[in-house]
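Chain by chain, the residues run as shown.
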Amino acid sequence: MANPSTGAIRHAIGPTAAVTTITREEITASGARTIPELLRRVPGVTVAFENASNPVVNYQGLNSNLSARMQVLIDGRSVYNPFFEGDAFDFPETVTPTDAQRITLGSARVELTRERMGRRQQEALLSTLLLLLVCLLGAAFAGWRLERTITGPIVALGETVAKLREGDLGARVEEHSTAELGALESGINAMATVLQTSRDTLQQQVADATWGITQALATLERQNAEREAARQQAEQASLSKSEFLATMSHEIRTPLHGVSGFLRLLARTPLSLRQQDRASS
């Protein structure tokens, strides 16, 4: 409110802020002809000009010309100039104090004690350390979970496949995973079972075929031995026959020669016709 004798404007001051509202009556009582001139009457407020048309408003000389602690409202409309990001204001030249119904001027200041800042820093540091610890625990749990659910089963699958490749078809992987890894474990075990069954069947077929071939070879050897024995018997019989024929031929030929000689001698003797016919035949 205004002091009627001096035209000064009173305002409320707090520990961290100061707000002044100039009413229509106070504007009229001040006798100011321009807005900057009116603001100079507010206690603690300094109004300067960077140039002929650019006023800068400061409170208690704490603000720079580009600080952001002041706000001026004319009939609820801010005249703050955001281009400078500070306390430079665009006061319309056509607006005079008598045209305004109400002007509000405010400033704010943040004060922090070292004790409070230290406590805030400690709280922030503690919160950061706690968050870091939680992140580390989360990462460790995620790593353990990853190793248990993905890395471990994959390593077990690789070891089982290596055993199968080396010929150990009895190797199996423990099926305790889910989703795709579980399906892969089941598939590898099923494949190993099929391979083992096929190998056993093939081995049995090879054993049966080997036994059949062995029996056939034994039969063939027996038949060959029988044929060899028959051949030898036939050769022996043929030899015996030849010897017999040779012996018989010799035994028969000797008397025949004697008979033949006797007949030739007999033919030289006087014989009857009947005797000659028999001796010549």
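On a predicted model such as this, the values are computed, not experimentally measured, just so you know.

(A) Summary view of the overall build of the chain. Looking only at helices and strands, the chain features five helices and seven strands. Across the 281 residues in the chain, those meeting the buried criterion constitute 21%. Pairs at least 24 apart in sequence give 52% of the contacts found in the chain among residues at least 6 apart. Here the chain has roughly 20,100 Å² of accessible surface; of this, 60% comes from carbon and sulfur atoms.

(B) Representation of the packing of aromatic side chains. For the coordinates displayed, the defined rule picks out one aromatic pair. Consider the rings of F141 and W144, whose centres lie 5.9 Å apart with planes at 35°: the pair is tilted. In this pair, F141 and W144 are both assigned in helix α3 (residues 114-165), three residues apart and thus about one turn of the helix distant.

(C) Structural detail: the pattern of salt bridges. Inspection of the entire model under this criterion finds two salt bridges. Each of E228, R231 and E235 takes part in one network of salt bridges that share partners.

(D) Structural detail: α3. An ideal rise of 1.5 Å per residue puts 76 Å on 52 residues; α3 measures up with 72 Å between its terminal C-alpha atoms. For α3, the full list of buried residues reads P153, L157, T160 and L164. In this structure, the buried residues of α3 make contact with α4 (179-267). Just downstream of α3, G167 is the residue with a positive phi angle, here 105°.

(E) Just a nonpolar patch on the surface, in detail. A grouping of F244, L245, M248, I252 and L256 is seen on the molecular surface, where their side chains present a nonpolar patch of about 480 Å² in accessible area. Positionally, I252 belongs in helix α4. Judged by relative accessible area, I252 falls into the partly exposed class, the value being 44%.

(F) View of the packing of α3 against α4. The geometry of α3 relative to α4 is characterised by a closest axis approach of 11 Å and an angle of 15° between their N-to-C directions. Taken as axis vectors, α3 and α4 run roughly parallel relative to one another. Between α3 and α4 lies a crossing of left-handed hand. Only L181, L184, E185, I188, M191 and A192 of α4 make contact with α3, whose side of the interface consists of T149, I150, P153, I154, L157, T160, V161 and L164.

(G) Structural context of the confidence of the model for the chain. For the chain, mean pLDDT is 77; residues scoring 70 or higher make up 79% of the total. No element of the chain has a lower mean pLDDT than strand β1 (residues 12-13), which averages 46, and none a higher one than α4, which averages 86. Throughout residues 1-8 the model reports pLDDT below 50, and contacts reaching past four residues in sequence, or to other chains, amount to 15 contacts. In the predicted structure, residues 11-16 sits below a pLDDT of 50 and forms 15 contacts with residues beyond four places in sequence or in another chain.

(H) Fine view of α4. Spanning 89 residues, α4 covers 127 Å between terminal C-alpha atoms, matching the ideal 132 Å at 1.5 Å per step. All of the buried residues along α4 are L181, G182, E185, I188, N189, A192 and G261. As for α4, its buried residues are in contact with α3.

(I) Main features of the environment of L195. Within the secondary structure, L195 sits in helix α4. Classification of L195 as partly exposed rests on a relative accessible area of 39%. Through-space distance from the C-alpha of L195 to that of L169 is 6.9 Å; in sequence the pair is 26 residues apart.

Reading the values: the criteria
- Residues numbered from 1 in each chain as written.
- Predicted model: local features only at pLDDT ≥ 70, side-chain atom pairs only at ≥ 80, totals over all residues.
- Heavy atoms only, no water.
- Helix = DSSP H or I, 4+ residues; strand = E, 2+ residues; numbered from the N terminus.
- Buried < 20%, exposed > 50% of the residue type's maximum accessible area, 1.4 Å probe, protein only.
- Contact = heavy atoms within 4.5 Å.
- Areas by Shrake-Rupley, 256 points an atom, 1.4 Å probe, with all protein chains shown as cover.
- Phe/Tyr/Trp six-rings, centres within 6.5 Å; stacked < 30°, edge-to-face > 60°.
- Salt bridge = Lys/Arg side-chain N within 4 Å of Asp/Glu carboxyl O.
- Expected span 1.5 Å × (residues − 1).
- Patch = residues over 30% accessible without salt bridge, like charges linked within 9 Å, V, L, I, M, F, W, Y side chains within 5 Å.
- Axes fitted to C-alpha atoms, helices over the stretch in contact; angles between N-to-C directions.
- Parallel < 35°, antiparallel > 145°, perpendicular 65-115°, else oblique.
- Left-handed = near helix turned anticlockwise from the far one by under 90°.
- pLDDT = per-residue confidence, 0-100.

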